[in-house]
Amino acid sequence: MPKLPKLPAPPLPGPMQNPPPRPGDGNGPMTPLEGAAQAGITVIDWVDERTSLSGAARWMMFRKVPKGTNWFYTLGSATMFAFLNQAVTGVFLAMYYRPDASGGAYESIRYVTNDVFLGQFVRGMHKWGSSVMVILVFLHMGRTFFFGAYKYPRELNWVIGVVLLILTMVMSFTGYLLPFDQRAYWATIVGVNINGTGPLIGPYLSDFLRGGSEFGATTLSRFYAIHMLLIPGALATLIGAHLYLVAKLGTTAPPWQKAQTRAELREAEV
Amino acid sequence: MADKRSKHKSKYTLDRGIPGAFEGETVTRRRFMTASAHTAGAIAASSFALPALAFAFGPIFKSSPHRWETVGPESMFSENNYTPVVITLQPGIGEAGKSTAYIRQFNPSIDTDPYDRGTPYIAISSRCAHLGCPVRWVDAAERFICPCHGGVYDLLGRRVGGPPVRPLDRFYTRVIGEDVQVGPRFSVNSELRRFSPRDPGEPLDGIGQYLYPSRPGAQKL
């Protein structure tokens, strides 16, 4: 395995390269703004001296990107932003939601929508945000595929991405039941029965999802626990792994970008 | 270095040339220590993981007891038309546990299939055999029609159109005094032969009954 050339350390952008002027160095007394900036710098320095996090932050943020990087490359970050939106709005919805199959679930959602200040807005952000996230996930997957960014050495990243896609779908499926209105209930019945049509293990899959052979008291709680705890934990972990691999391996140039090889390596045209 | 790949490797560490070995030792102290630490860790992890797994998978194997539910007096039901009644499939969760059954008196001139014997009343489930949507008995067409994907069933609940894969499920019925009671559910194949209840979408003809086995949680009939 030939030794690959080591890239230089990630550079700092221009304004950050020189040490900032210290207050009181002949610039006059410290202005309040300078004072506030100094206070912030002191706090960050205190943390950085004990964690070395600034090195990691610089590694993550000031990466080199290839020539030709365009707006398509923002789809991954957009998906993560949609996920963060879902997580935050989901946490606030969880403060009001009651996973009670005998009517409490529907009532809690009605309360959030009608009686809570900005409840309809937060619920709407969560509901539409899920559609936005699914669309962005597919666009991001398409971009990665058509740009060939799944090839060596990024195959593991692609596999993690597919697992993330499946987890996103499971989130949509489990979250759909939670309002517990007619549409949610019957869509879940149909969805779980579709699982049952798989030969041999299908019936057992349906039973596992439903928590029994009939839609029962534990089904809603099950879906809620999967939606709130199990999958978000897995999603957060895998997104972390996905981002780490992206930073470590770097991004690829778009397929229309020709590599600029060194003159002495090119074969002579005859 | 001693030949580590010899076919008859001695079980004594002294013979295997491991440093620090003493006479008669088969397992080194390091291996013993490592193995015990791993075992203790495995026991500790299983002590919370196994109950949690059993908790998650337990409901698959739990079966609820057979319940009989009174749905009305005998006078409420006729011989050649269906009367819908509301039954409770799962007690304790309010409306979500209720379903509709269509009840008709057993009519020897209509119910002629050789397997179709024994129940005094025919109780047909409204659960469509395609994917579980509630079907509706339409009197004018004398058919059960499913609104979701267009499944159509005839008077006996047999599929005559659309995507369903088997006839509608039925319930056992009995008469106690004046009242008609509805009992456990069972599934039928296209010849109206009875099977343990299956989920919608699972065919029962031919190889179907083996390909889609009855699950532990559903009552065996």
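Residues numbered from 1 in each chain as written. Chains lettered and ligands numbered in written order. Predicted model: local features only at pLDDT ≥ 70, side-chain atom pairs only at ≥ 80, totals over all residues.

## Observations regarding the overall build of chain A
- A tally of regular secondary structure across chain A gives 9 helices and 0 strands.
- Listing each helix as α and each strand as β along chain A from the N terminus yields α-α-α-α-α-α-α-α-α.
- Expected size for 270 residues packed as a compact globule is a radius of gyration near 18 Å; at 25 Å, chain A overshoots this value by more than 25%.
- On the principal axes, the C-alpha backbone points of chain A span a range of 70 × 70 × 30 Å.
- The proportion of buried residues among the 270 residues of chain A is 22%.
- Excluding contacts between residues fewer than 6 apart, the proportion of contacts in chain A whose partners are at least 24 apart in sequence is 69%. (Helix = DSSP H or I, 4+ residues; strand = E, 2+ residues; numbered from the N terminus. Rg over C-alpha atoms; globule rule 2.2 N^0.38 Å. Buried ≥ 20, exposed ≤ 12 C-beta atoms within 10 Å, placed from the backbone. Contact = placed C-beta atoms within 7 Å.)

## What about the overall build of chain B?
- Scanning chain B for helices and strands turns up 3 helices and 11 strands.
- Along its sequence from the N terminus, chain B presents helices and strands in the succession α-α-β-β-β-β-β-β-β-β-β-β-β-α.
- The principal-axis extents of the C-alpha atoms in chain B amount to approximately 95 × 35 × 30 Å.
- Within chain B, the fraction of its 221 residues that count as buried is 27%.
- Across chain B, the fraction of contacts at a sequence separation of at least 24, relative to all contacts at a separation of at least 6, is 43%.

## Some words on the interface of chain B and chain A
- The partner chain A presents 27 residues to the 23 residues of chain B that form the contact.
- Examining the composition of the side of chain B that touches chain A, we find that 3 residues originate from one element, helix α2 (residues 29-61) of chain B, more than from any other.
- Of the residues contributing to the side of chain B that touches chain A, the split by class is 13 nonpolar, 6 polar and 4 charged. (Nonpolar A, V, L, I, M, F, W, Y, C, P; charged D, E, K, R; others polar.)

## Things to note about the nonpolar core
- Of all hydrophobic cores here, the largest spans 25 residues; its most connected members are A101, I103 and A123 of chain B.
- Broken down by secondary-structure element, the contributors of at least two residues to this core are β3 (98-105), β4 (121-125) and β10 (179-188) of chain B.
- Per-element accounting of this core gives the leading share, 4 residues, to β4 of chain B.
- In this structure A101 of chain B touches V85, I87, A123, I124, S125, S126, F171 and V182 of chain B, once residues within four positions along its chain are discounted.
- Of all hydrophobic cores here, the second largest spans 21 residues; its members include L93, Y97, F215 and L220 of chain A. (Core = buried A, V, L, I, M, F, W, Y, C linked by C-beta atoms within 7 Å.)

## Description of the sheet that holds strand β7 (residues 152-153) of chain B
Residues and elements named next belong to chain B.
- The 4 strands lie next to each other as β5-β6-β7-β8, forming an open sheet whose pairing is antiparallel. The two strands at the open ends of the sheet, each matched to only one other strand, are β5 (136-138) and β8 (159-161).
- Relative to β7, strand β6 (residues 143-145) runs antiparallel, the two sharing 2 bridges. Residue F144 lies in a different strand from β7, and its bridge partner there is Y153. (Pairing = 2+ DSSP bridges.)

## Overview of unusual backbone geometry
All names here are of chain A.
- Here Y152 and P153 are connected by a cis peptide whose omega angle stands at -5°.
- Along the polypeptide, P153 turns up in the loop between α5 (119-146) and α6 (155-177).
- Located in the positive-phi region is L118, a residue other than glycine, with phi close to 60°.
- Within the secondary structure, L118 sits in the loop between α4 (104-114) and α5.
- Owing to 11 C-beta atoms within 10 Å, L118 belongs among the exposed residues under this scheme.

## So, the environment of F208 of chain A
- Note on placement: F208 of chain A falls in helix α8 (residues 202-210).
- For F208 of chain A and V192 of chain A, which are 16 residues apart along the polypeptide, the C-alpha to C-alpha distance reads 9.6 Å.
- Residues within four places of F208 of chain A in sequence aside, it is in contact with F57 and I60 of chain B.

## Section: the environment of E34 of chain A
All names here are of chain A.
- Examined against the element boundaries, E34 turns out to sit in helix α1 (residues 32-51).
- Take E34: there are 17 C-beta atoms within 10 Å of it, and that puts it in the partly exposed class.
- A sequence separation of 101 residues divides E34 from I135, and the C-alpha atoms of the two residues are 45 Å apart.

## Focus on the pairing of β4 of chain B
Residue and element names in this part refer to chain B.
- Of all 5 residues that make up β4, 5 are buried, and the element is covered over most of its length.
- Here β4 shows two buried faces, one formed by Y121, A123 and S125 and the other by I122 and I124.
- Summarising the sheet, β3 and β4 pair through 5 bridges and their orientation is antiparallel. Looking across to β4, one finds that Q105 is bridged to Y121.
- Pairing of β4 with strand β9 (residues 170-176), which is carried by 2 bridges, proceeds in the antiparallel orientation. Its bridge partner being in β9, I124 is matched across the sheet by R170.

## Describing the domain arrangement of chain B
- According to the domain assignment, chain B contains domain 1 (13-61) and domain 2 (69-211).
- For domain 1 of chain B versus domain 2 of chain B, the distance between C-alpha centres works out to 55 Å. (Domains from an automatic or database assignment.)

## Some points on α2 of chain B
- In this model α2 of chain B runs 45 Å from its N-terminal to its C-terminal C-alpha over 33 residues, within 8% of the 48 Å that 1.5 Å per residue would give.
- The buried fraction of α2 of chain B is low, at 1 of 33 residues. (Expected span 1.5 Å × (residues − 1).)

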